[in-house]
Amino acid sequence: MRTRWAARGACVVVCAVLLSGCQSAPGGGEKDGRLGEQRTAASPTAARASGYGAEFLGVDECSSFGRTSFTEASCAGERAAARVIARHDGTARDGPRCPATTDFVLHISEQHPSSDEDGDGVVPRGYACMRHLQPPHPGDPGGGGGPRTIVGDCVYDLGDGRVRETACDGGAEREPEFEVTKAVDDRSDCPASTALYVRLGGASPVGCARPV
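Residues numbered from 1 in each chain as written. Predicted model: local features only at pLDDT ≥ 70, side-chain atom pairs only at ≥ 80, totals over all residues. Heavy atoms only, no water.

Now for the side chain of Thr 91. Structurally, the position occupied by Thr 91 is in the loop between β6 (80-89) and β7 (104-108). Those residues within four positions of Thr 91 in sequence are excluded, and the remaining contacts are Arg 125 and Tyr 127. (Helix = DSSP H or I, 4+ residues; strand = E, 2+ residues; numbered from the N terminus. Contact = heavy atoms within 4.5 Å.)

Further remarks concern the state of the cysteines. Per the stated rule, a full pass over the model turns up 4 disulfides. Between the sulfur of Cys 62 and that of Cys 75 lies a disulfide, 2.0 Å long from S to S. Measuring handedness by torsion sign, the sulfur bridge of Cys 62 and Cys 75 sits at about 105° and is right-handed. Of this pair, Cys 62 sits in strand β4 (residues 62-64) while Cys 75 sits in the loop between β5 (72-73) and β6, and the two are 13 residues apart along the sequence. (Disulfide = S-S within 2.5 Å.)

Okay, the confidence of the model for the protein chain next. Scored by pLDDT, the protein chain comes out at a mean of 76, with 68% of its residues at no less than 70. Averaged pLDDT values for the elements of the protein chain fall to 39 in strand β2 (residues 16-17) and rise to 97 in strand β11 (residues 178-184). In this model, residues 7-51 is a region of pLDDT below 50 whose contacts with residues beyond four sequence positions or in other chains number 147 contacts. A low-confidence stretch, residues 112-120 stays under pLDDT 50, and its non-local contacts, those more than four residues away or across chains, total 18 contacts. (pLDDT = per-residue confidence, 0-100.)

In this section: the pairing of strand β12 (residues 196-199). Relative to strand β13 (residues 206-211), β12 runs antiparallel, the two sharing 4 bridges. Bridge pairing links Tyr 197 to Cys 208 in β13. As consecutive antiparallel partners, β12 and β13 are separated by 6 residues, and within that stretch Gly 201 has a phi angle of approximately 75°, a positive value. (Pairing = 2+ DSSP bridges.)

Within the structure shown, the criterion is met by 4 salt bridges. Close ionic contact of Asp 103 with Arg 131 constitutes a salt bridge, the shortest N to O distance being 3.9 Å. Residue Asp 103 is found in the loop between β6 and β7, and its partner Arg 131 is found in strand β8 (residues 126-132); the two are separated by 28 residues along the sequence. Residue classification places Arg 131 among the partly exposed positions, given a relative accessible area of 21%. Put simply, Asp 103, Arg 131 and Asp 140 are held in one network by salt bridges that share partners. (Salt bridge = Lys/Arg side-chain N within 4 Å of Asp/Glu carboxyl O. Buried < 20%, exposed > 50% of the residue type's maximum accessible area, 1.4 Å probe, protein only.)

Following Pro 135, the chain continues into Pro 136 via a peptide bond in cis, with omega recorded as 5°. Topologically, Pro 136 is positioned in the loop between β8 and β9 (154-159). One non-glycine residue, Leu 57, adopts positive backbone phi at about 50°. Here Leu 57 lies in the loop between β3 (22-23) and β4. A residue is classified by how much of its surface remains accessible, and Leu 57, at 0% relative accessible area, is buried.

And the structure:
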């Protein structure tokens, strides 16, 4: 039986990107198919505090449309696109992981606006784990995207030990070839039908994937 090891790194960007892409094997490199952690960079953009909550883009608050330029928006308003389901200071690389069904991550560079949530003149560097207010949800199992690979997601083979996530329903440009069916502590815990090992991270870091 042919087996391969593939992994999907955490997103690390200055502002925000919609995340989907390669899972890669241990060994270093980028999520575009090289091996290791993802390191995607974008130009810093000003994220303006708008006074909707005690913290800029705090939990249960909403962001406007846009991934490289965004503001906080009233969740009941027409400009609202996604809701914050988790919020942390610092960088995603060093901080807690986003929830499994996060659709995308907004990275907030430190700002010094004229006004901010607590009046001290600083919006600290941080990141917000976002969930779209309306479907589709790429972070759902089989959705074909999101910053994490989870049980129920599907991938296809890129060669050289690389795979990329795609929608399990076949609605994406590439058909699925493997489905992650189980998360375990070690590869030896995977069922015999496993043809691919996917690095998931977290408490059960190994994903067992079978052909579809």
